[in-house]
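What the coordinates show
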Amino acid sequence: MIVKNTTLEGLLTIEPKCFNDERGFFLETYQEKRYKEVGICDKFIQANHSRSSQGVLRGLHYQIKKPQAQIVTIMHGKVFYVCVDVRANSSTFGKWHGVKLSDDGVMQLYMAPGFAGGFCALSTTADLHYNVSGFYDHDDEGGLLWNDPDVGIIWPISSPKTNSRDNSFPKLSDITRNFIS
């Protein structure tokens, strides 16, 4: 597999080895030993799957007191995935990085604990699989407004379909207690 750093420390892109033939393909989305060899040593304890239709934008979500590492894998379709550094002591606090993930040339995204994540679906449908290092806790959920002008994310769609919860998240400058240290 090919692992590359991004502009944010703790955020990696991963191109896992994919075996293709006339029947289709085979892909290991996670293998503990192999991922540890490249420095991903988190213990992943939960797996999640989401499906979104074209134009849907989800995020930006994170856990506050129990931050999670994640490995995001696109299973079907195409998305633009964004991570924002919400680690209060980080030199890249408030900075974002976006990457297109597609089932055409599978790529994964690894996020160390301390990133808010979200995406918009660019294909008719998009299925994402998440390995996470902590259990989801509704009472520990944090969020950052997806279109916060101070963060300045450049989304590749102009009129996303969002929900009321994601639209009610605060801007980075209005968050007082939700930063991960």
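Right above here is the structure, for reference.
What you see as residue numbers is a count from 1 along each chain, following the sequence as written. The model is predicted, so local features are restricted to residues of pLDDT at least 70 and side-chain atom pairs to those at 80 or more, both for listing and for counting; the totals for chains, interfaces and linings are taken over all residues. As a rule here, side-chain values come from all non-hydrogen atoms in the structure, and water together with hydrogens is ignored.

1. Points about the pattern of salt bridges
Only one rule defines a salt bridge in this text: a Lys or Arg side-chain nitrogen within 4 Å of an Asp or Glu carboxyl oxygen. Scanning all chains against the criterion turns up nine salt bridges. Taking the shortest distance from any N to any O, the salt bridge between lysine 36 and glutamate 32 comes out at 3.8 Å. With a gap of four residues between them, lysine 36 and glutamate 32 both fall in helix H1 (residues 32-37), about one helical turn apart. The class for lysine 36 is partly exposed, based on a relative accessible area of 41%. Aspartate 166 is the salt-bridge partner of arginine 165, the closest N and O atoms lying 3.5 Å from each other. For arginine 165, a relative accessible area of 33% corresponds to the partly exposed category. Each member of the salt-bridge network shares a partner with another, and the members are Glu141, Arg165 and Asp166. The way it works is that DSSP assigns letters per residue, a run of H or I at least four long becomes a helix, a run of E at least two long becomes a strand, and they are numbered from the N terminus. Summary of the burial criterion: residues with accessible area below 20% of their type's maximum are buried, those above 50% are exposed, and those between are partly exposed, where the area comes from a 1.4 Å probe applied to protein chains only.

2. A look at the environment of serine 90
Its location among the elements puts serine 90 in the loop between strand E8 (78-85) and strand E9 (96-102). Through-space distance from the C-alpha of serine 90 to that of glycine 114 is 9.4 Å; in sequence the pair is 24 residues apart. Within 3.5 Å is the distance limit for a polar contact, defined as a pair of N or O atoms, with the added protein rule that one can donate a hydrogen and the other accept it, and that residues adjacent in sequence qualify only through two side-chain atoms. A distance of 3.1 Å separates the side chain of serine 90 from the backbone nitrogen of threonine 92, its partner in a polar contact.

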